[in-house]
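A closer look at the structure
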2 protein chains.
Amino acid sequence: MCDIIPKKLETSEEKLNFINSFDNFLFDCDGVIWHASTVLEGVREVLYTLKKMGKRIIYVTNNSSKSRATYLKKFQKLDLPATLDDIFSSAVAAAYYVKHFVNIKEDEKIYVVGGEGICRELEEQGVHWCGSDDDNKPISEEEFTEIQPDPKVRAVMFGFDVNINYRKFARAFTYLNSNPDCLFLATNTDMTYPTKHLEFPGTGSMIHTLIAGTKRTPTVLGKPTTNMMDCIIQKFNLDRSRTCMVGDRLITDIAFGKNSNLSTLLVLTGVTTVEAMNESKDIKPNYYISSLGDLHA
Amino acid sequence: MCDIIPKKLETSEEKLNFINSFDNFLFDCDGVIWHASTVLEGVREVLYTLKKMGKRIIYVTNNSSKSRATYLKKFQKLDLPATLDDIFSSAVAAAYYVKHFVNIKEDEKIYVVGGEGICRELEEQGVHWCGSDDDNKPISEEEFTEIQPDPKVRAVMFGFDVNINYRKFARAFTYLNSNPDCLFLATNTDMTYPTKHLEFPGTGSMIHTLIAGTKRTPTVLGKPTTNMMDCIIQKFNLDRSRTCMVGDRLITDIAFGKNSNLSTLLVLTGVTTVEAMNESKDIKPNYYISSLGDLHA
């Protein structure tokens, strides 16, 4: 059971007190900042105000498919305050984790199942990789005997990959199955991938092919794990007591803040209703507000 | 606990008594009849002898990728006694199951993740299908909005597919997730796929992407389920008390016979040793023999 009673931010005084309690705000994006490519009402103004007040803003997303540079273009197009450094995707977390928390050697590499987001971020950290788009072509009959264990593959990094295929499953499986020292890393475990009207399988679904086949459990680097937060806290040298996680999902965003002893703000513009928040037994936010756009100081 | 004490077939008399006890023999292939494309010593002679004695021989395999016609060519090339009718793969079971145990309508179809084996067998049974090789091309950005639920898809049939891709996962996920009446069928749940030197992910591993994503449990049609045996018994009108399942694996072949109240013979030319058989608590064969090739009457 969770003994937090979420406090609703209503009056200007409550909102100002809330803002003054923190120096750093971590924001989930979809459902908080925007829906698809439409910025939610009032959010742009709130973000610029927070920036003007000297607050640090970090956008935290489990999407690992885009690089930060590609992501930044979206922020710029939508006229939202952001620099490359303000964006922290699970791809950034993954690369940061490999560089700073894994003792990877110069001649070792990461086998990537995933998109360019992960590869670019690994390169930024000076970490060698293989796989990804290079393995998009379908597997040939010869490869059923050619694919071999490779002790130089220090980790399999599994993220969202629209070009998933048997070649990638077979390679990842072989590296993990043949070498207990080969790490098994996942950018996130989101079970579904939201499209415009439907949900498709997410990273957390697809990685179950490898979990079932290898009987190994991946180290997850995205929300809501403390691994991702540890990377954020260390990279930006944040004071946890002065940092608030803002999101629309209890089991990813709010749990993410809570797991790492941060304060949390739930917005009701995404998937969670006030009823669901009240009914939730384990995960409740410290604060909630109907919309981030309502956070006028 | 299992109270069977496996009886070793040693003397000519024991072997002849064993053979005389049955009219029908179901054989697993790999590890029993052949290793890859080499027939095990003495096996050809034993099979021809059984045929000459008027026994019915049925080859039972979980491999769903090849059609029976393609499979038959292997038997002919290896000079083994077989007709199209003697071959019963999980693809045959799957098609037979859909035709005889599912009330499928004329305008309904099966979405196939798998190879030509399944498609040809469905056609044999006059069942419409979609998917398979037609969905081998990678998913495009437009399809992220184009793929839609389809009430005409009566079942998703998941088998081994070297051309597995995101398009297939997304389609199968959408049909299963949007329609609780859409059946979820699996040709088998073998976790690994043996190659010449290594193991790769099997059908049972890959299907976990859909199990995890949809939270649904597939109906499995291959060994060791009684579904497959029910199809065999019905199709060939066999007397269970006069039928023996012969295999090299306890958890697939021997369990397969046992689950359906058949007698079982374990051969030691495959993955199971006599020590493993003795140590097994739950699954023991009624009979065992060092090699099928030793079954000279």
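Residues numbered from 1 in each chain as written. Chains lettered and ligands numbered in written order. Predicted model: local features only at pLDDT ≥ 70, side-chain atom pairs only at ≥ 80, totals over all residues. Heavy atoms only, no water.

Take helix H4 (residues 90-101) of chain A next. Summarising burial for H4(A): 9 of the 12 residues are buried, a large majority. Residues of H4(A) that are buried include every one of A:Ser90, A:Ala91, A:Val92, A:Ala93, A:Ala94, A:Ala95, A:Tyr96, A:Tyr97 and A:Val98, and no others. (Buried < 20%, exposed > 50% of the residue type's maximum accessible area, 1.4 Å probe, protein only. Helix = DSSP H or I, 4+ residues; strand = E, 2+ residues; numbered from the N terminus.)

Residues and elements named next belong to chain B. Most of strand S5 (residues 56-61) is tucked away, with 5 of its 6 residues classed as buried. Here 4 bridges tie strand S2 (residues 24-27) to S5, and the two strands are oriented parallel to one another. Among the inter-strand pairings, Phe-27 is bridged to a residue of S5, identified as Tyr-59. With 3 bridges connecting them, S5 and strand S6 (residues 87-89) associate as parallel partners. Across the sheet, Val-60 pairs through a bridge with Phe-88, a residue of S6. A crossover links S5 with its parallel partner S6, the connecting element being helix H3 (residues 68-77), and its sense is right-handed. (Pairing = 2+ DSSP bridges. Right-handed = clockwise from strand over helix to strand, strands pointing away.)

Two copies of one chain are present, and they are related through a rotation about an axis combined with an axial shift. Rotating chain A by 180° and translating it 0.0 Å along the rotation axis places it on chain B, where the RMSD comes to 0.0 Å. When the rotation and shift are considered jointly, the pair of chain copies conforms to a two-fold rotation axis. Residue by residue, 100% of the interface of chain A is reproduced at the interface of chain B, so both copies engage with the same surface. (Least-squares fit on C-alpha atoms with pLDDT ≥ 70 in both. Contact = heavy atoms within 4.5 Å.)

It is worth spelling out the domain arrangement of chain A at this point. Accessible area lost during the coming together of the parts is what is often quoted as the interface size. All names here are of chain A. The assigned domain composition of chain A is domain 1 (7-62 + 224-294) and domain 2 (106-220). In this structure, domain 1 and domain 2 have C-alpha centres spaced 31 Å apart. With 4 residues of domain 1 in contact, the opposing surface of domain 2 contributes 4 residues. Around 390 Å² of area is buried between domain 1 and domain 2 when both sides are counted, 39% of it from carbon and sulfur atoms. Connecting domain 1 to domain 2 are 0 salt bridges. At the surface where domain 1 touches domain 2, the tally comes to 4 residue pairs in polar contact (both at pLDDT 80 or more). In terms of residue class, the side of domain 1 that touches domain 2 is built from no nonpolar, 4 polar and no charged. (Domains from an automatic or database assignment. Buried area = accessible area lost by both parts, 1.4 Å probe. Salt bridge = Lys/Arg side-chain N within 4 Å of Asp/Glu carboxyl O. Polar contact = N/O pair within 3.5 Å; in protein donor to acceptor, adjacent residues only side chain to side chain. Nonpolar A, V, L, I, M, F, W, Y, C, P; charged D, E, K, R; others polar.)

Residues and elements named next belong to chain B. The 7 strands lie next to each other as S1-S16-S15-S14-S2-S5-S6, forming an open sheet whose pairing is parallel. A strand with exactly one partner marks an edge of an open sheet, and here the two such strands are strand S1 (7-8) and S6. With 4 bridges connecting them, S2 and strand S14 (residues 243-247) associate as parallel partners. Of the residues in S14, the one forming a bridge with Asn-24 is Thr-243. Along the sheet, helix H2 (residues 43-52) contacts S2 and S5; its crossing angle with S5, the most-contacted strand, is approximately 135°. (Axes fitted to C-alpha atoms, helices over the stretch in contact; angles between N-to-C directions.)

As a further point, take unusual backbone geometry. In the segment running from A:Lys223 into A:Pro224, the intervening peptide bond is cis, with an omega of 0°. Its place among the elements puts A:Pro224 in the loop between strand S13 (219-220) and helix H10 (226-236). Positive phi values are uncommon outside glycine, yet A:Asn261 reaches one of about 60°. Within the fold, A:Asn261 resides in the loop between helix H11 (250-259) and strand S15 (263-267). Judged by its relative accessible area of 63%, A:Asn261 falls in the exposed class. In this model, B:Ala36 sits at a positive phi of 50°, which is unusual for a non-glycine residue. Mapped onto the elements of the fold, B:Ala36 is located in the loop between strand S3 (34-35) and strand S4 (38-39). Here B:Ala36 falls in the exposed class, since its relative accessible area comes to 56%.

In this section: the UniProt feature "binding site: Mg(2+)" (unreviewed entry) in chain A. Residue and element names in this part refer to chain A. The feature "binding site: Mg(2+)" (unreviewed entry), as annotated in UniProt, sits at Asp-28, Asp-30 and Asp-248 in this numbering. In three dimensions, the annotated residues from a span of 221 residues occupy one location, with a maximal C-alpha spread of 8.3 Å. Looking at where Asp-28 falls in the secondary structure, it is placed in the loop between strand S2 (24-27) and strand S3 (34-35). Ignoring any residue separated from it by four or fewer positions in sequence, one finds Asp-28 in contact with Ile-33, Val-60, Lys-223, Met-245, Val-246, Gly-247, Asp-248 and Asp-253. At 2.8 Å, the side chain of Asp-28 and the side chain of Lys-223 are in polar contact. Residue placement: Asp-248 occurs in the loop between strand S14 (243-247) and H11. (UniProt positions renumbered as here; feature names shortened; annotations may be inferred.)

The final tally for this structure, using the stated rule, is 39 aromatic pairs over all chains. Between the aromatic rings of A:Phe22 and A:Phe25, the centroid separation amounts to 6.0 Å while the plane-to-plane angle is 75°, which identifies the pairing as edge-to-face. With relative accessibility at 1%, the residue A:Phe25 sits in the buried group. Taken together, a centroid distance of 4.4 Å and an interplanar angle of 40° make the contact between B:Tyr59 and B:Phe75 tilted. In this pair, B:Tyr59 sits in strand S5 while B:Phe75 sits in helix H3, placing the two residues 16 residues apart along the sequence. For B:Phe75, a relative accessible area of 0% corresponds to the buried category. Following the ring pairs from residue to residue traces out a cluster consisting of A:Phe18, A:Phe22, A:Phe25, A:Phe27, A:Trp34, A:Tyr59, A:Tyr71, A:Phe75 and A:Tyr287. Over the ring of A:Trp34 we find A:Lys74; its NZ or CZ atom is 4.0 Å from the centre of that ring. (Phe/Tyr/Trp six-rings, centres within 6.5 Å; stacked < 30°, edge-to-face > 60°. Lys NZ or Arg CZ within 6 Å of the ring centre and 35° of its normal.)

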